[in-house]
Structure formats: structure tokens, C-alpha cells
Amino acid sequence: MTCPDVTASEPIPDAALAEVTRLLATGDLFRYTAPENAPVALLERDFAALMGSTYALAVSSCSAALFLSLKALALPVNARVLIPAFTFAAVPSAVVHADCVPILVECGANYRLDLKDFAAKLPSAEAVIISHMRGHTSDMDAIMALCDAAGVPVIEDAAHSVGTTWNDRKIGTIGKIGCFSFQSYKMINAGEGGILVTDDADLVARAIIMSGAYEHTWMKHAVPADVMARHQNKLPLYNLRLSNLSGAIIRPQLPELDRRVRDGRRNHDHVAARLNASPNLIVPPALPAEARAPDSIQFNLVGMTDTQTRAFASACAAKGLKAQIFGQSTDNARAFWNWQFLGDAPDLPQTRAMLMRACDVRLPARLSLKDCDIIADIILTAASEATAQHAA
Ligand SMILES: *Cc1c(COP(=O)(O)O)cnc(C)c1O
């Protein structure tokens with residue numbers, strides 16, 4: 001059985017082609033040239049409606065959206081921003097870029113924020129970024145209760161969470177601002193791209209200007225003119241805009257989202273049930289309030305030594321499946337000790353222990369259940385080989 005390709009993307013819907021052809025023929029690639037209805041503006045309108053948010057701002061990446069969110073909050077220089085210690089290197093990078101100081105919070109074996117460490121560190125923080133890493137949702141009720149009581153704004157890094165809900169609320173709409181990614185490994189693929197959503201007119205106005213709406217181009221955004229005018233000429237322009245080509249490629253994928261979420265969940269839950277039958281593999285369950293939208297699966301190797309853990313990853317690779325243990329693959333961008341640009345790594349034993357046993361496998365929505373069974377077979381076989389060959 002050859003392993004299915006877990007990196008290939010779905011084709012972009014045909015509906016994108018006519019619009020891309022029109023854009024190429026006219027050269028109308030800049031979002032602010034057309035008097036109205038530019039593809040990026042239409043994407044913002046549709047995405048805001050999809051999320052039930054008042055405002056959306058499309059930008060060049062989710063990292064850019066996180067950076068602009070922090071800048072839009074007008075935090076003082078060196079403000080402390082809590083982030084989970086289990087996230088992608090771009091998140092602490094966005095904090096540093098915004099002249100703030102990232103404070104790493106412990107995460108548990110279930111990949112979610114450790115609320116005790118979070119509550120302990122919150123009093124020193126001026127903002128919080130909650131990364132729903134790989135779509136795993138931390139307890140948003142507890143987090144919002146703590147942050148609301150402390151008056152600390154919450155930015156949701158929902159880069160990988162489009163389609164996930166928490167108590168039937170859409171992830172990315174629970175905090176003050178939500179940021180999403182359209183990079184190719186996410187549920188909606190434009191190669192690159194990001195978007196932020198919020199209900200706060202002043203916040204989005206500041207983000208719009210800083211994203212590069214110079215002079216009065218902001219008039220092409222659906223934000224009250226008096227709010228926009230308040231911020232005129234007061235803010236730097238970072239020019240993190242999205243191209244019309246990307247807008248045209250993203251927008252026809254929005255109607256595909258429900259199906260992708262359904263298929264992604266089916267694939268994830270099918271593989272999870274099979275892996276959980278092994279004594280050496282545990283897929284942490286979703287929290288009760290959470291309905292996930294997975295395009296990958298994470299599981300912990302249990303009762304295995306470091307040698308066995310590495311033997312497991314090699315056995316998967318030998319069978320054609322890329323299965324990365326976050327903490328054991330070289331230079332992994334999700335292992336906090338590799339973020340050397342922050343200085344010395346803090347002591348976070350709980351997150352470190354999780355990263356040393358947590359395995360990451362892509363499981364795109366386009367795979368069939370037959371494909372998923374091949375992947376589950378490879379993982380299960382690799383786990384038994386690794387434990388048998390290197391008996392403790
Ligand atoms: C992908 C990802 C990002 C970065 O998104 P870009 O659009 O590539 O900048 C940030 N956070 C998380 C949790 C991600 O999965």
C-alpha cells in the first residue's frame with residue numbers, strides 16, 4: 001500500500017478561474033484601484049458575514065493580522081503579551097515585531113493552555129494571544145472570564161481554526177479580534193493571505209490604515225467615515241495588503257468550507273478511533289464545548305522511550321508518511337526552545353514534555369476513508385515495530 005500524499009492541496013474551485021482571467025486581462029490587481037467591489041473588498045464582506053462579525057480586514061498573512069491586531073490595540077512599548085508556549089514561531093515573532101514582549105504560558109498534554117499558569121501570569125499582561133494550535137481550542141469560557149475580569153484584551157490566533165466552534169460560537173469571534181490564515185496548509189488555500197475580524201470600529205479603523213490604506217483609500221472599507229477620519233495621518237503604514245488575485249482565489253472557497261470541515265472531521269475521528277485502540281497512542285479528546293475543523297491529527301506516544309519515539313517517526317518515514325514529533329524533529333518551528341530570537345528559553349517542563357511525545361500528521365479533508373485507513377495502518381504498524389525492536 002503506498003501512503004497517500006498528505007501535502008497536496010485540493011484544486012481551487014473553477015469559479016476562481018473567470019475572475020482571475022478577468023484580473024489578468026485588465027491588470028487590476030491592486031485592491032484600491034476599482035471604485036467598488038474589488039475582489040479583496042468582496043472577500044472581506046463575505047468573510048465578515050460568514051463569521052457574523054461586523055468588520056473584516058484581509059491582509060498578506062495571519063502573522064500580519066496578528067501584528068496589526070497588537071498595533072491596533074495601541075499597547076505601550078514592551079507591553080507583556082501572553083502566548084501559549086505551544087504555537088508556531090510566527091506568533092512570538094509578531095509580538096516582537098509589534099515591540100511587545102511575549103510571555104510563554106505552559107500547555108498541557110492535551111495541547112491546550114494550562115489555565116493555572118495562565119491565571120498566574122495574567123496580572124502582568126497587557127494583552128493575550130490565544131493560539132488555537134492545530135485547531136485545538138483552549139477553554140475559552142475560562143479564558144474570557146479571567147481576561148474580562150482583568151480588563152485584558154484577547155486576540156484569537158485562529159489561523160488554523162476556520163470552521164471550529166465553541167458552544168456553537170465561531171472560533172475567532174470570541175475575543176476582541178480574531179486572525180485567520182489562507183496559507184496553503186490551512187483549510188482555505190491562497191498560498192499566502194490572512195484576515196482579521198472584529199466588532200470594534202476603532203480597532204479595525206486603525207488596522208486598516210496601518211495595513212496600508214493611505215490617503216482616503218479607506219473609503220472603500222465598510223467602516224463609518226467619522227471613525228476612519230479620527231485616525232487619518234496618525235498612524236504608520238506597514239503595507240501588508242492582500243492582492244486582488246488572492247482575494248479572487250479565496251472567495252470561491254468560502255462555500256466549500258462546510259464540506260471541508262465535515263470531511264476533515266470525519267477523517268480525523270476515523271483515524272483517532274483507530275489510533276486510540278493502541279496502548280501506545282492517545283488522541284486527546286476535544287473539550288465538550290468544542291466542535292473541531294481538523295485538517296491534521298495530533299496524538300501522544302505513551303509508554304515509549306526517546307529511542308522508541310524516534311524509531312516510530314523513522315518507521316513512518318520509511319513507509320512514506322511524514323509523522324513529526326514536535327520536540328524531536330530538528331529545528332521544529334513549534335518547539336519553543338528553537339525560538340532563539342527571544343533569548344534564553346524559559347523553563348516550561350510541562351510543554352516540553354508534551355512536545356517530546358506529541359506527533360503531528362497532516363490529514364487533509366480531500367482524503368478518502370480508504371486513504372485514512374492506510375495512514376492509520378502505517379502509524380499503528382510503526383508503533384508496534386518501534387516498541388518491539390527497542391524493547392525497553
Ligand atoms: C499557520 C499559522 C500561523 C501563521 O499563519 P501565516 O498566514 O502563515 O502567517 C499562525 N498561527 C498558527 C496557529 C498557525 O497555524
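As a starting point, this report considers the structure included with it. (Residues numbered from 1 in each chain as written. Predicted model: local features only at pLDDT ≥ 70, side-chain atom pairs only at ≥ 80, totals over all residues. Heavy atoms only, no water.)

1. Quick notes on the layout of surface pockets
In step 1: Each pocket or cavity is described by its volume, and for the largest pocket that value is around 690 Å³.
In step 2: Around the largest pocket, the lining comprises 31 residues; the ones closest to its centre are Phe-88, Arg-134, Tyr-185, Lys-186 and Arg-334.
In step 3: Contributing elements (two or more residues each) for the lining of the largest pocket: α3 (62-72), α4 (90-97) and β14 (358-362).
In step 4: Tallied by class, residues from the lining of the largest pocket come to 10 nonpolar, 12 polar and 9 charged.
In step 5: A volume near 290 Å³ is recorded for the second largest pocket.
In step 6: Lining the second largest pocket are 19 residues; nearest its centre among them are Ala-41, Glu-44, Lys-220, His-221 and Ala-222.
In step 7: Only α2 (39-51) and β1 (55-59) provide two or more residues apiece to the lining of the second largest pocket.
In step 8: For the lining of the second largest pocket, the residue count by class is 11 nonpolar, 3 polar and 5 charged. (1 Å grid on protein atoms, 1.4 Å probe; cavity = no way out; pocket = protein on both sides within 12 Å on 5 of 7 lines; lining within 4 Å. Points joined across faces, edges and corners; volume = space filled by probe spheres on them. Helix = DSSP H or I, 4+ residues; strand = E, 2+ residues; numbered from the N terminus. Nonpolar A, V, L, I, M, F, W, Y, C, P; charged D, E, K, R; others polar.)

2. Description of the sheet that holds strand β13 (residues 324-325)
Each strand in a sheet pairs with its neighbour through backbone hydrogen bonds, running either in the same direction (parallel) or in the opposite one (antiparallel).
In step 1: Across the sheet, which stays open at both edges, the 4 strands sit in the order β10-β12-β14-β13 with antiparallel pairing between neighbours. If you trace the sheet from one side to the other, it starts and ends with β10 (281-282) and β13, each paired once.
In step 2: Here β10 pairs with strand β12 (residues 296-301) via 2 bridges, running antiparallel. Across the sheet, Ile-282 pairs through a bridge with Asn-300, a residue of β12.
In step 3: Each of β10 and β12 is contacted by helix α10 (residues 257-276), which is oriented at about 15 degrees to β12, the strand it contacts most. (Pairing = 2+ DSSP bridges. Contact = heavy atoms within 4.5 Å. Axes fitted to C-alpha atoms, helices over the stretch in contact; angles between N-to-C directions.)

3. A few points about the site of the ligand
In step 1: Neighbouring the ligand are Ser-61, Cys-62, Ser-63, Val-91, Met-133, Asp-157, Ala-159, His-160, Ser-181, Gln-183, Lys-186 and Gly-193.
In step 2: Cys-62 has a polar backbone atom sitting 2.9 Å from an oxygen atom of the ligand.
In step 3: Take Ser-63: an N or O atom from its side chain is 2.6 Å from an oxygen atom of the ligand.
In step 4: When each cavity is represented as a set of grid points, the ligand is found to reside in the largest pocket.
In step 5: A class-by-class count of the residues in the shell around the ligand yields 4 nonpolar, 6 polar and 2 charged. (Near = heavy atom within 4 Å. Polar contact = N/O pair within 3.5 Å; in protein donor to acceptor, adjacent residues only side chain to side chain. Sits in = over half its atoms within 2 Å of the grid points.)

4. Looking at the pattern of salt bridges
In step 1: In this structure the tally under the stated criterion is 18 salt bridges.
In step 2: Between Arg-45 and Asp-46 there is a salt bridge whose closest N-O contact spans 3.0 Å.
In step 3: Between Arg-112 and Glu-290 there is a salt bridge, with the nearest N and O atoms lying 2.8 Å from each other. Here the residue Arg-112 occupies a position in the loop between β3 (101-105) and α5 (115-121), and Glu-290 occupies one in strand β11 (residues 290-291), the gap between them amounting to 178 residues. Take Arg-112 and Glu-290: they sit in the same class, and that class is buried. (Salt bridge = Lys/Arg side-chain N within 4 Å of Asp/Glu carboxyl O. Buried < 20%, exposed > 50% of the residue type's maximum accessible area, 1.4 Å probe, protein only.)

5. Points about the side chain of Asn-244
In step 1: Examined against the element boundaries, Asn-244 turns out to sit in helix α9 (residues 244-250).
In step 2: A distance of 3.1 Å separates a polar atom in the side chain of Asn-244 from the backbone oxygen of Asp-28.
In step 3: Residues contacting Asn-244, with those up to four places away along its chain left out, are Leu-23, Asp-28, Leu-29, Phe-30, Arg-31, Ala-38, Pro-39 and Val-40.

6. Description of the nonpolar core
In step 1: Of all hydrophobic cores here, the largest spans 101 residues; its most connected members are Phe-47, Val-81, Phe-118, Val-128, Ile-129, Leu-196 and Ile-208.
In step 2: The residues contacting Val-128, other than those within four sequence positions of it, are Val-81, Leu-82, Phe-118, Leu-122, Cys-147, Val-152, Pro-153, Val-154 and Ile-155.
In step 3: If you look at the next biggest cluster of nonpolar residues, it comprises 33 residues, including Phe-312, Ala-315, Leu-321 and Leu-380. (Core = buried A, V, L, I, M, F, W, Y, C linked by side-chain atoms within 4.5 Å.)

7. Re a nonpolar patch on the surface
In step 1: A contiguous nonpolar patch, built from Val-96, Phe-341 and Leu-342 and spanning about 240 Å² of accessible area, is present on the exposed surface.
In step 2: According to the relative accessible area criterion, Phe-341 is partly exposed, its value standing at 46%. (Patch = residues over 30% accessible without salt bridge, like charges linked within 9 Å, V, L, I, M, F, W, Y side chains within 5 Å. Areas by Shrake-Rupley, 256 points an atom, 1.4 Å probe, with all protein chains shown as cover.)

8. What to know about the packing of aromatic side chains
In step 1: Following the criterion strictly, the structure yields 8 aromatic pairs and no others.
In step 2: Relative to Phe-182, the ring of Phe-47 has its centre 6.0 Å away and its plane inclined at 85 degrees; by these criteria the two rings are edge-to-face. Placement of Phe-47 in helix α2 and of Phe-182 in the loop between β8 (177-181) and β9 (194-198) is noted, with a sequence separation of 135 residues between them. For the pair formed by Phe-47 and Phe-182, the shared burial category is buried. (Phe/Tyr/Trp six-rings, centres within 6.5 Å; stacked < 30°, edge-to-face > 60°.)

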